[in-house]
Amino acid sequence: MGIKISELNELVEVNSNDVIPVVNTKNQATQKISIENLLKDTKRHIVTANIVTTTITEGVQTTLSVRELCKSGNKLSVENGRIIIGSGVSKVLVYAKVLIDTTELTNNFLYVMQNNIIINRGDGYGKYETLSTPGFLVNVQEGDKFTISVLAGTNASIYDGSYITVEVIE
């Protein structure tokens, strides 16, 4: 692993237990920071999962199964079509988007669920539309499960580009 050190302007090989000097720009004091802590503090834990289910039956709230699309870190996972919260996580940022095509103009609803309880929704009226939720913060604990579901006024199809993303905040 290489880290660019500004004075040397080159990559230097370091071990995770090495330390580097860091100068505080306010008081010019020099501190030593371990590489392991530096990397730990900058690592993001985020997972985006796309939709597996592609058809919706009129008037039936349908939970959409998801599969992992991309992931960073190890605090989140996708199991059995749901995003699962790992240990040490207390708050996450969640957002979702579904591209839906119905057989006629109708009301459509996207629900984000935590442990099978609706915690946010996006809705719209149309034949072909994007249902989405803005990013929102949720308190969580280990083992919590996130899913999304859709309710459409007519039979509908869900298209590629539909997803749910969960990112660890705390």
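Refer to the structure above for everything that follows.
Residues numbered from 1 in each chain as written. Predicted model: local features only at pLDDT ≥ 70, side-chain atom pairs only at ≥ 80, totals over all residues. Heavy atoms only, no water.

Caption draft 1: Quick peek at the side chain of Asn108. Here Asn108 shows up in strand β11 (residues 91-114). Polar side-chain contacts of Asn108 include one of 3.4 Å to the backbone oxygen of Gly126. Beyond its immediate sequence surroundings of up to four residues, Asn108 is in contact with Ile100, Thr102, Gly122, Asp123, Gly124, Gly126, Glu129, Leu131, Leu151, Ala152 and Gly153. (Helix = DSSP H or I, 4+ residues; strand = E, 2+ residues; numbered from the N terminus. Polar contact = N/O pair within 3.5 Å; in protein donor to acceptor, adjacent residues only side chain to side chain. Contact = heavy atoms within 4.5 Å.)

Caption draft 2: How the structure looks around the environment of Tyr111. One can find Tyr111 in strand β11. On the basis of relative accessible area, Tyr111 is assigned to the buried category, the value being 10%. Sequence spacing of Tyr111 and Thr62 is 49 residues, and the spatial spacing of their C-alpha atoms is 9.7 Å. (Buried < 20%, exposed > 50% of the residue type's maximum accessible area, 1.4 Å probe, protein only.)

Caption draft 3: How the structure looks around unusual backbone geometry. Positive phi values are uncommon outside glycine, yet Asn115 reaches one of about 55°. Backbone geometry places Asn116, a non-glycine residue, at a positive phi of 70°. On the secondary structure map, Asn116 appears in the loop between β11 and β12 (117-139).

Caption draft 4: A look at the pattern of salt bridges. On inspection of all chains with the given rule, the structure shows three salt bridges. The partner of Glu167 in a salt bridge is Arg44, and the shortest N-O contact between them spans 2.6 Å. Taken together, the residues span a long stretch of sequence, with Glu167 in strand β15 (residues 163-168) and Arg44 in the loop between α1 (35-42) and β5 (46-51) at a distance of 123 residues. With a relative accessible area of 12%, Glu167 lands in the buried category. The partly exposed category is assigned to Arg44, whose relative accessible area is 47%. (Salt bridge = Lys/Arg side-chain N within 4 Å of Asp/Glu carboxyl O.)

Caption draft 5: Summary view of the nonpolar core. By size, the foremost hydrophobic cluster in this structure holds 31 residues, and its most contacted members are Val92, Val94, Phe146, Ile148 and Ile164. Per-element tally for this core: the top contributor is β11, with seven residues. (Core = buried A, V, L, I, M, F, W, Y, C linked by side-chain atoms within 4.5 Å.)

Note that every value here comes from positions in space, so none of it alone points to a role or purpose.
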